[in-house]
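As a plain string of letters, each chain reads:
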Amino acid sequence: MGYRKSISNVVPLRRTVGVPLSNATLPLHSQRIDVPTYDRSALRPSVVHIGPGNFHRAHQAVYFDDLARSGVSRQWGVTNVSLRTPRVKDLLSAQDGLYTVVQRGERQTARVVGSIGGYHYAPHDSVAVRTALADPQTRVVSLTITGNGYYLDPRTGEFDATHPDVRADLAAPKSAKCYATAWAYLTEALDRRRRAGIAPFTVLCCDNIPDNTPTARTALVSFATLRDPRLGRWIERNVAFPSTMVDRITPQTSEEDCEFVERTFGIADMLPVVTEPHCQWIIEDSFSHGRPPLDEVGVEFVADVSDYKLVKTRLLNATHMALGCLATLAGYQRTGEAMSDPVIFGYVEQLMRDEIQPLLPARHPMNTRGYRNTLLTRLSNRRIPDQLSRLARRGSEKMPSFVLPSLHEAIRQGRPHTLLMLAVAGWARYLRGTDLYGRKIRIDDPQADVLTDLATRAGNGAYPLLEHEIFTEFRGTPGFAEQLGDLIADIDERGVRAALRQALQDTARELA
């Protein structure tokens, strides 16, 4: 993926008032950074993306921008749809859909992305959303709506038809002004396409959740079946749901980021994205209405994504969760700052090398020493202002998906697992809502109230936290509750760094 102008040696502009970003000002901005030179009006809107957050704009939209710049195809423009907030539409519509992506690593690069041609806020633009989804030109509908947007029961994995949003959408007439869920919009659009004899679009889940293909399939087919069983069967037979693995560390945009872009490039960008140089997208080669030629710009199409996802989620995402909680308790706020602490760095390195990696498929291109070292470099990148709070959020979803499977397998195989246990202990202590210095922590989790209550009542012990359903398979494990309680107490009484040192020493002796 090219077209990124280095800014390593660019002297920041002296002025403090930048030029707004728009189609009209692109020639001016092209003097300092790369901008789209293709005819944006000629892009065919063949992709509708639901959930246009920072990750989408740093990842999928960049790949489609690369595709347009390459000249391979102009048939893959993107339309963004937001179900929850008008903010992205309001800010980026004022910029003609343009925004700046800054990559920070050993070198800094910047570019303006122009692949997104339209923004719709569903509650206000319901007709436009429906029209875009039903349009024969739309071949792919991609999603980044996070776990809550799938409405699956965490205990059973089945679609939660009792959720108020789902019930409201099921009860709404087809003439309803707007819907609350993505699945209602997709169901209506696919029904219209079926009746008109138009091929269905591909549903491409780009969320960083395990089993994203069956998750998206279950949600859409279940909702459609509740509306019309024949439609549900048609979707199940005809709509492709390719599995994906996506990877790019992308923090939330801060006011400081906006000021940096304006000060450095002279661009008054209201919603820039700051991200890392690394970017990866692997997609199962299964499409129902034409495949975008993204392989021309670095995307890998493979027959089976499962091992790629397994390696990435167990090594990177599990480590994210462990680091987010433990480093926050130790008083850090940013990932790069925490990784500059040699004790925390040593914990992360040994966690991946000695406890997680041996459990993964041995012969796999991502499960290598080189990949692990790449992750250490990425996590240590102090030029990316990645908030630990972002890493630690939604633990009730991440723990059972990324951390606990490795812990369960290590226990089953009789392998060392103290460092994995320490990740769970760090989360348990984090859930009390204060760090070790008494500063308040905001618990960003769909089950925050329940978990905080359980963790607070547990104190320096494992009960009653182990009553929570995510620990069901560990309740009968001999010594599990006692070891977890001891590690929570060690963190609370001696501090994170002392607890990490002890655990590292114990693990090294066990492996000797």
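Residues numbered from 1 in each chain as written. Predicted model: local features only at pLDDT ≥ 70, side-chain atom pairs only at ≥ 80, totals over all residues. Heavy atoms only, no water.

Turning next to the overall build of the chain. The helix and strand inventory of the chain stands at 20 helices and 14 strands. At 24 Å, the chain has a C-alpha radius of gyration in line with the 24 Å of a compact globule built from 512 residues. Of all 512 residues assigned to the chain, the portion counted as buried reaches 58%. Taking the intrachain contacts of the chain between residues at least 6 apart in sequence as the baseline, contacts between residues at least 24 apart amount to 78%. Accessible area for the chain stands at about 20700 Å²; split by element, carbon and sulfur atoms hold 48% of it. Each charge class in the chain was averaged separately, 62 positive and 58 negative side chains, and the resulting centres sit 4 Å apart. (Helix = DSSP H or I, 4+ residues; strand = E, 2+ residues; numbered from the N terminus. Rg over C-alpha atoms; globule rule 2.2 N^0.38 Å. Buried < 20%, exposed > 50% of the residue type's maximum accessible area, 1.4 Å probe, protein only. Contact = heavy atoms within 4.5 Å. Areas by Shrake-Rupley, 256 points an atom, 1.4 Å probe, with all protein chains shown as cover. Lys, Arg positive; Asp, Glu negative; His and termini not counted. Charge placed at Lys NZ, Arg CZ, Asp CG, Glu CD.)

The next thing to look at is the pattern of salt bridges. Per the stated rule, a full pass over the model turns up 25 salt bridges. As a salt-bridge pair, R84 and D165 come within 3.9 Å of each other at their nearest N and O atoms. Remark: D165 occurs in helix α6 (residues 164-171) and R84 occurs in the loop between β4 (77-82) and α4 (87-93); sequence separation between them is 81 residues. Taking relative accessible area as the criterion, R84 reaches 52% and is therefore assigned exposed. Given the relative accessible area of 24%, D165 is considered partly exposed. A salt bridge links D191 to R194; the shortest N-O distance between them is 2.9 Å. Here D191 and its partner R194 are both found in helix α7 (residues 182-196), three residues apart, which amounts to about one turn of the helix. In this structure R194 comes out as partly exposed when scored by relative accessible area, which is 23%. Taken together, the shared-partner salt bridges in this structure form one network comprising D65, D66, R69 and R111. (Salt bridge = Lys/Arg side-chain N within 4 Å of Asp/Glu carboxyl O.)

Following the UniProt record, the feature "domain: Mannitol dehydrogenase N-terminal" (unreviewed entry) maps to residues 46-295 here. Strand forms 20% of residues 46-295 and helix 37%; the C-alpha atoms that close the span are 17 Å apart. (UniProt positions renumbered as here; feature names shortened; annotations may be inferred.)

Right, let's talk about the sheet that holds β4 for a bit. Strand order across the open sheet formed by five strands is β7-β4-β3-β8-β9, with parallel pairing between neighbours. For this open sheet the edge positions go to β7 (116-121) and β9 (202-205), each flanked by a neighbour on one side alone. Neighbour-to-neighbour, the strand axes of this sheet turn through a mean angle of 20°, independent of strand direction. Summarising the sheet, β4 and β7 pair through five bridges and their orientation is parallel. Looking at the pairing, V81 lines up with H120 of β7. (Pairing = 2+ DSSP bridges. Axes fitted to C-alpha atoms, helices over the stretch in contact; angles between N-to-C directions.)

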